[in-house]
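# Examining the three-dimensional arrangement
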Amino acid sequence: MRRSSTFARQVLLVRVGRREGTASATDLVTPDHRWTDRQRRRYGRFDAEVEAVMPVSPALAPTAPVDEAPAMSIPLLPGERTAARRVKFALVNACTLSSLMLGMLAIFLAMQGGVRAAALCLIACVAFDGLDGALARKLGVASPFGAQMDSLADMCSFGLAAPVVVYASLAGSVPPAAAAVACALVAACAAIRLARFNVSPKDGRFFCGVPTTMAAAVLALTVAIGLPVSGLVMVGGVALLAFAMVSSFPYAKLARLVKLPPWIWLAPVVGALVDIRLTFALVVVGYLVSGPVLWLHQRRTA
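Residues numbered from 1 in each chain as written. Predicted model: local features only at pLDDT ≥ 70, side-chain atom pairs only at ≥ 80, totals over all residues. Heavy atoms only, no water.

## Quick word on helix α5 (residues 115–139)
With 25 residues, α5 extends 36 Å between its outermost C-alpha atoms, agreeing within 8% with the 36 Å of an ideal straight helix rising 1.5 Å per residue. Within the sequence span of α5, burial applies to V115, A118, A119, C121, L122, C125, D129, D132, G133, L135 and A136. (Helix = DSSP H or I, 4+ residues; strand = E, 2+ residues; numbered from the N terminus. Expected span 1.5 Å × (residues − 1). Buried < 20%, exposed > 50% of the residue type's maximum accessible area, 1.4 Å probe, protein only.)

Below you can see the structure in the form of structure tokens.
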């Protein structure tokens, strides 16, 4: 009797909320899956109509299975796909790949002892990195694919090649462990800086932290001009620059710096004619200090 009563509860469809002799599909309850499997094994058959009944919650709308969702391919070049736009798109990405290849060349030259030539390759990387973004906006072929390509190329050229070149330039003047730690900080902070830039809202006025491009340019110029500082001071400056990349201090973008009054640019130009190394060091220190100063000013005026 107990087994027969269980069979009755599991197989019979219970009508819930009967109104005027009719019941909707949402009023049906499906049998227990354990009993249906037992019935299939014992009798070798099963009622297809009972198996097709699925419980539907009246509070949730029926949804299509995930596997049935139509596959959508995201185009690399959004918008009209004409031959002219494809050529422009290829030109922009060629600049990005040129920056990537120059970064690889800088690593190879640094491994062979050509530190100055490697630093010049990094400066060329900075030029191509600024060129691809400007061309993409001017030619109207900016795309998410290009943004990701630029970020990956920056990680290779500025997050890996730049610390390798700096490490090669410090060989023999500082303990290898100290140089390795400082250069590893540059690589780690560059990765954090690029990832944060990709997911953060963009500010048209200031950078949040020193951008990787500018940090790599500072390191490359320091090696290229042979800044006359001791090895330990160089290691400290490299570590400070790495932490500045992941800081929250606002740093003015180049477009804002260009709009400064001409008399402000007169001092570094005259200083570069007198002593380019000292002038470069003062400009870098002034730019790094400008971040905390702007941060304090914004907090006071907020």
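## Focus on the side chain of D154
Secondary-structure assignment places D154 in helix α6 (residues 144–169). Buried within the structure, D154 lacks any salt-bridge partner; its nearest side chain of opposite charge belongs to R193, at an N-O separation of 8.9 Å. (Lys, Arg positive; Asp, Glu negative; His and termini not counted. Salt bridge = Lys/Arg side-chain N within 4 Å of Asp/Glu carboxyl O.)

## Description of the side chain of S247
Within the secondary structure layout, S247 lies in the loop between α9 (231–245) and β2 (250–252). For S247, a relative accessible area of 13% gives the class buried. Ignoring sequence-local partners within four residues, the contact set of S247 consists of R196, C208 and G209. (Contact = heavy atoms within 4.5 Å.)

## Notes on the packing of α5 against α6
Interhelical geometry of α5 versus α6 gives an angle of 160° and a closest axis separation of 10 Å. Judged by the inter-axis angle, α5 sits roughly antiparallel to α6. For the pair α5 and α6, the crossing hand works out as left-handed. Contacts between α5 and α6 involve V115, A118, A119, L122, C125, V126, D129 and D132 from the former and D150, D154, S157, F158, A161, A162, V165, A168 and S169 from the latter. Classifying every residue of the contact of α5 with α6 gives eleven nonpolar, two polar and four charged. (Axes fitted to C-alpha atoms, helices over the stretch in contact; angles between N-to-C directions. Parallel < 35°, antiparallel > 145°, perpendicular 65-115°, else oblique. Left-handed = near helix turned anticlockwise from the far one by under 90°. Nonpolar A, V, L, I, M, F, W, Y, C, P; charged D, E, K, R; others polar.)

## Points about helix α12 (residues 276–301)
What sets the pattern is the α-helix's 3.6 residues per turn: residues three or four places apart point alike. Over its 26 residues, α12 extends 37 Å from the first C-alpha to the last, a length consistent with the 38 Å expected when each residue adds 1.5 Å. Looking at α12, one finds that the buried residues are T279, F280, V284, Y287, L288 and G291. Taking the backbone nitrogen of R277 as reference, a side-chain oxygen 3.2 Å away marks D275 as the first, capping residue of α12. (Polar contact = N/O pair within 3.5 Å; in protein donor to acceptor, adjacent residues only side chain to side chain.)

## Structural notes on the state of the cysteines
Each disulfide is one covalent bond, formed between the sulfur atoms of two cysteines. Enumeration according to the criterion identifies zero disulfides in this entry. Here C121 is not cross-linked by a disulfide; its sulfur's nearest cysteine counterpart is in C125, at 6.9 Å. (Disulfide = S-S within 2.5 Å.)

## A look at the packing of helix α8 (residues 212–225) against α12
Following both chains from N to C, one finds α8 and α12 inclined at 160°, their axes separated by 11 Å at the closest point. Overall, the two elements α8 and α12 adopt an arrangement that is roughly antiparallel. The two elements α8 and α12 meet at a crossing, and its hand is left-handed. Every residue of α12 that contacts α8 at M214, V218, L221, T222 and I225 is listed here: R277, F280, V284 and Y287. Taken together, the residues of the contact of α8 with α12 sort by class into seven nonpolar, one polar and one charged.

## Quick look at the environment of A242
Along the chain, A242 turns up in helix α9. Sequence separation of A242 and R193 is 49 residues, and the distance between their C-alpha atoms is 9.7 Å. Apart from the residues lying within four places of it in its own chain, the contact partners of A242 are L185, V186 and C189.

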